[in-house]
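Breakdown of the fold
In case you want the letters, here they are:
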Amino acid sequence: MNKSLRKTVIAGNWKMNKTPSQTTELINEIKPLVSNADCDVVVCVPFTGLQAAIEATRGSNISVGAQNCHWEKSGAFTGEISAEMLKEVGVKYVIIGHSERRTYFGDTDVTVAKRTRAALDAGLTVILCVGEYLEQREQGITNELVAIQTKIALQGVTQEELKRIIIAYEPVWAIGTGRTATARQADEACSAIRSTIESLYGKAAADGITIQYGGSMNAANAAELLAMPNVDGGLIGGASLKARDFAAIVDAASK
Ligand code: 13P
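Here's what I pulled together on the structure shown here. (Residues numbered from 1 in each chain as written. Predicted model: local features only at pLDDT ≥ 70, side-chain atom pairs only at ≥ 80, totals over all residues. Heavy atoms only, no water.)

**Quick look at the environment of Arg137**
Heads up, the condition is: Helix and strand labels come from DSSP, where a helix needs a run of H or I of at least four residues and a strand needs a run of E of at least two; each type is numbered from the N terminus. N or O atoms within 3.5 Å of each other form a polar contact, as long as, within protein, one can give a hydrogen and the other can take it, and as long as residues adjacent in sequence are counted only when both atoms are side-chain atoms.
Within the element layout of this structure, Arg137 appears in helix 6 (residues 134-138). In this structure the side chain of Arg137 is engaged in a polar contact, spanning 2.8 Å, whose partner is the side chain of Glu132.

Listed below in structure tokens is the structure:
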């Protein structure tokens, strides 16, 4: 397995944190610390901070992402944001199907697929999140579950469009809990996802797709996780809100 065939991507998921002015402040702190990164660096900020993030990252090696989008282009969907709206403000990435969206806001594999389609149609790169609950891990169905989540989300996605898909394996029990998957557990699930991609799109596509790990990744455990053959980056929550911690993870990914 040759990791050099694919991009390593470190993305911060800021979740519901930081006002627009705080966004500018944090990005200005992060920028000099990651300017020599040998990986792609992304910050996924709240909708209200996108404009500030786009301005603060201009001319830097940091790209901006959003944390969700609706599947329709426009219409009577109070409180929602379309992929086209994100594209026009300069957003490059969008997280789709995060477990917090699935758990608290009713996202399902089917709506995740619809959002993915809309994001791809708008020209965005999707960070597609999959992952199991603790009960499912204990039941021994993690690999099957992430495979089916991946298959449903990618229904209708072409080989060409797959180049704008990153998959983030995020075991729900590891998110925000301080309990990280072991490097072996992370690699095994990422490998199951890669096999799923191979069955759908062939070996070259499977070798080329970036699969991140997310769930309590931090400055101390990043190097071990990122050294695994199937882990091509991280989707970072809590630690992405501290410039030095986030930069340390970017450093670990750049080695
Ligand atoms: P934590 O890094 O805070 O566990 O969050 C992970 C996550 O949900 C990233 O999307």
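From this point, the discussion proceeds with the structure in view.
**Structural notes on the site of the ligand**
Rules: The rule for a residue being near a molecule or strand is that one of its heavy atoms must lie within 4 Å of it. Surface accessibility in these figures is a Shrake-Rupley result with a 1.4 Å probe; residues are shielded only by whichever protein chains are displayed. The residue classification treats Ala, Val, Leu, Ile, Met, Phe, Trp, Tyr, Cys and Pro as nonpolar and Asp, Glu, Lys and Arg as charged. All others, Gly included, are polar.
The environment of the ligand is made up of Asn13, Lys15, His98, Glu170, Ala174, Ile175, Gly176, Gly215, Ser216, Leu235, Gly237 and Gly238. Gly237 is positioned with one of its backbone polar atoms (N or O) 2.9 Å from an oxygen atom of the ligand. In isolation the ligand has 310 Å² of accessible area, and contact with the protein removes 95% of it. Here the residues of the shell around the ligand sort into 3 nonpolar, 7 polar and 2 charged.

**Brief notes about the packing of aromatic side chains**
Here is the rule we go by: For this analysis, a ring pair means two rings from Phe, Tyr or Trp (six-membered ring only for Trp) whose centres lie within 6.5 Å, classed as stacked if their planes differ by under 30 degrees, edge-to-face if by over 60, and tilted for the remaining angles. Partly exposed describes any residue whose relative accessible area lies between the buried limit of under 20% and the exposed limit of over 50%, with all areas from a 1.4 Å probe on protein chains only and scaled to the type maximum.
For the structure on display, the rule yields 2 aromatic pairs. Measuring from centroid to centroid gives 6.3 Å for Tyr104 and Phe105, while their planes differ by 85 degrees, and the two rings are edge-to-face. Judged by its relative accessible area of 61%, Tyr104 is exposed.

**Section: the side chain of His98**
Definition in use: Contacts are assigned to residue pairs that have any heavy atoms within 4.5 Å of one another.
Relative to the helices and strands, His98 resides in the loop between strand 4 (93-96) and helix 4 (99-104). You can call His98 buried: its relative accessible area is 4%. Sequence-distant contacts of His98, defined by excluding residues within four places in its chain, comprise Asn13, Lys15, Cys129, Glu170 and Ile175.

**Quick notes on the pairing of strand 5 (residues 125-130)**
For clarity, the threshold we go by: Two strands form a pair only when DSSP identifies at least two bridges running between them.
Burial within strand 5 is extensive, with 6 of its 6 residues counted as buried. Burial along strand 5 is two-sided: Thr125, Ile127 and Cys129 facing one way and Val126, Leu128 and Val130 facing the other are all buried. Of the strand pairs in this sheet, strand 5 and strand 6 (residues 165-169) are connected by 5 bridges, and their pairing is parallel. Across the sheet, Cys129 pairs through a bridge with Ala168, a residue of strand 6.

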